Amino acid sequence: MHIASGEWPPYFSQELPDYGVASRIVTEAFAQAGLEVEYQFYPWNRSLESTRAGAIESTIGWEKTTDREKDFLFSEKPIIEERLVFFYSVENPVMPDEVWQQEREEKLLIGVTLGYNYGKRFSRAEKQGVFNIYRSPSDEANLSLLLNRRIDLFPMDVVVGRHMLNKHFSPEERKRIKYHPEMLRRDFLYLLFSKKYPDSANLKKKFDQGMQQLRSSGRLKELYTGILPWNTSD
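Below, the structure is looked at part by part. (Residues numbered from 1 in each chain as written. Predicted model: local features only at pLDDT ≥ 70, side-chain atom pairs only at ≥ 80, totals over all residues. Heavy atoms only, no water.)

A short note on the packing of helix H5 (residues 139-147) against helix H6 (residues 158-168)
As a reminder, the rule being used: Axis definition: a line fitted to C-alpha atoms, over the contacting stretch in the case of helices. Angles run 0 to 180 degrees between N-to-C directions. Think of it this way: any DSSP run of H or I at least four residues long counts as a helix, any run of E at least two long counts as a strand, and we number them from the N terminus. If an angle is under 35 degrees, it is roughly parallel; if it is over 145, roughly antiparallel; if it lies from 65 to 115, roughly perpendicular; otherwise it is oblique. By definition in these notes, contact holds between two residues if any of their heavy atoms fall within 4.5 Å.
Where H5 contacts H6, the axes come no closer than 11 Å and their chain directions differ by 75°. Relative to H6, H5 is oriented roughly perpendicular. Across the interface between the two elements, Asp 139, Glu 140 and Leu 143 of H5 pack against Met 164, Leu 165 and His 168 of H6.

Now the structure itself:
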């Protein structure tokens, strides 16, 4: 069983034990059916397109969209609940409700990462000129911009942000960056199976059954405990 993935630690990563927390969950779900999983890491778009073409059976960690439903079968339940929040500098504690205020003497400058989708509300406000955008090539670069007060806010998945701060920034720097608990966006990420792969329906069935077994036994909640501030096991 082959699964295409990209880098998005701590959920998915070639450098982490078991290839990340989400990858381990998928591995254990398939193990319930006696199937072994091999992860193949590519840029995210290549992972999706290789699976769409049927060259790889499955790809991990995608939102459900009408366009994707044409070419893929989705796992019955999501494997990750993504929660996008605003990170900010304690030296410049901008509140989330300030983002949407149209009458400001000076517009907020919000960092975004190239290629990311921040939701309809955010895109609409950007087009209306409610705030200004500064585009960077990576999440890590945006966090550095926050530290240097080059931007006012940066929206990012809370778990990914915490992991990145712990890995790439010093304890002193981490103290200077916080996040607001209020969510900008909430999404669910699924395991996708290519409709062009002959055995996809059977693989999906086995995975869904394996996830249910992990959920019923309490193992799914155990896998999330200590890593995520919530879980998708309910």
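After that view of the structure, there is still more to cover.
Some thoughts on the packing of helix H1 (residues 21-31) against helix H8 (residues 200-217)
Selection criterion: Classes in brief: Ala, Val, Leu, Ile, Met, Phe, Trp, Tyr, Cys and Pro nonpolar; Asp, Glu, Lys and Arg charged; the others, Gly included, polar.
One way to put it is that H1 packs onto H8 with a least axis distance of 7 Å and a crossing angle of 105°. Here H8 runs roughly perpendicular to H1, going by the angle between their axes. Residue-level inspection shows Ile 25, Val 26, Glu 28, Ala 29 and Phe 30 of H1 in contact with H8, the latter providing Leu 203, Lys 206, Phe 207, Gly 210, Met 211 and Leu 214. A class-by-class count of the residues in the contact of H1 with H8 yields eight nonpolar, one polar and two charged.

Quick look at the pairing of strand E5 (residues 80-89)
The side chains of a regular strand alternate between both faces of the sheet. The following threshold applies: When accessible area is computed with a 1.4 Å probe and restricted to protein chains, residues below 20% of their type maximum are described as buried, those above 50% as exposed, and intermediate ones as partly exposed. For two strands to count as paired, DSSP must find a minimum of two bridges between them.
For E5, a buried count of nine out of ten residues is recorded, marking the element as mostly surrounded by other parts of the structure. In the sheet, E5 pairs with strand E9 (residues 177-194) via nine bridges, with the strands oriented antiparallel. Directly across from Leu 84, in E9, lies its bridge partner Arg 185. One ladder, built from four bridges, connects E5 with strand E8 (residues 154-157); its direction is antiparallel. Of the residues in E8, the one forming a bridge with Phe 87 is Phe 154.

Looking at unusual backbone geometry
Of note, the amide linkage connecting Pro 9 to Pro 10 takes the cis form, showing an omega dihedral of 10°. Even without glycine at this site, Asp 18 takes up a positive phi of about 60°. One can find Asp 18 in the loop between strand E1 (2-5) and H1. Assessed through its relative accessible area of 41%, Asp 18 is described here as partly exposed.

Thoughts on the environment of Glu 91
Of note, Glu 91 is situated in the loop between E5 and strand E6 (109-113). With residues up to four places along the chain from it excluded, the contact list for Glu 91 reads Leu 147, Arg 149 and Arg 176.

Considerations on helix H2 (residues 44-52)
Turning to H2, its buried residues are Ser 47, Leu 48, Ser 50, Thr 51 and Arg 52. Buried residues belonging to H2 abut E1, strand E3 (58-63), helix H3 (66-69), strand E4 (72-74) and E9. Backbone geometry just downstream of H2 places Gly 54 in the positive-phi region, at approximately 85°.

Points about the pattern of salt bridges
Which entries qualify depends on this criterion: The term salt bridge refers to a side-chain nitrogen of Lys or Arg lying within 4 Å of a carboxyl oxygen of Asp or Glu.
Under the counting rule described, the total for this entry stands at 14 salt bridges. Two residues, Arg 219 and Glu 28, come together in a salt bridge whose shortest N-O distance is 2.8 Å. Taken together, the positions of Arg 219 in helix H9 (residues 219-224) and Glu 28 in helix H1 put the pair 191 residues apart, joining distant regions of the chain. Like Arg 219, the residue Glu 28 is buried in the burial classification. Arg 185 is the partner of Asp 187 in a salt bridge, and the nearest nitrogen-oxygen pair spans 2.5 Å. For the residue pair Asp 187 and Arg 185, the accessibility class agrees, reading buried in each case. One network of salt bridges, in which partners are shared, links Asp 18, Arg 24, Glu 28, Arg 219 and Glu 222.

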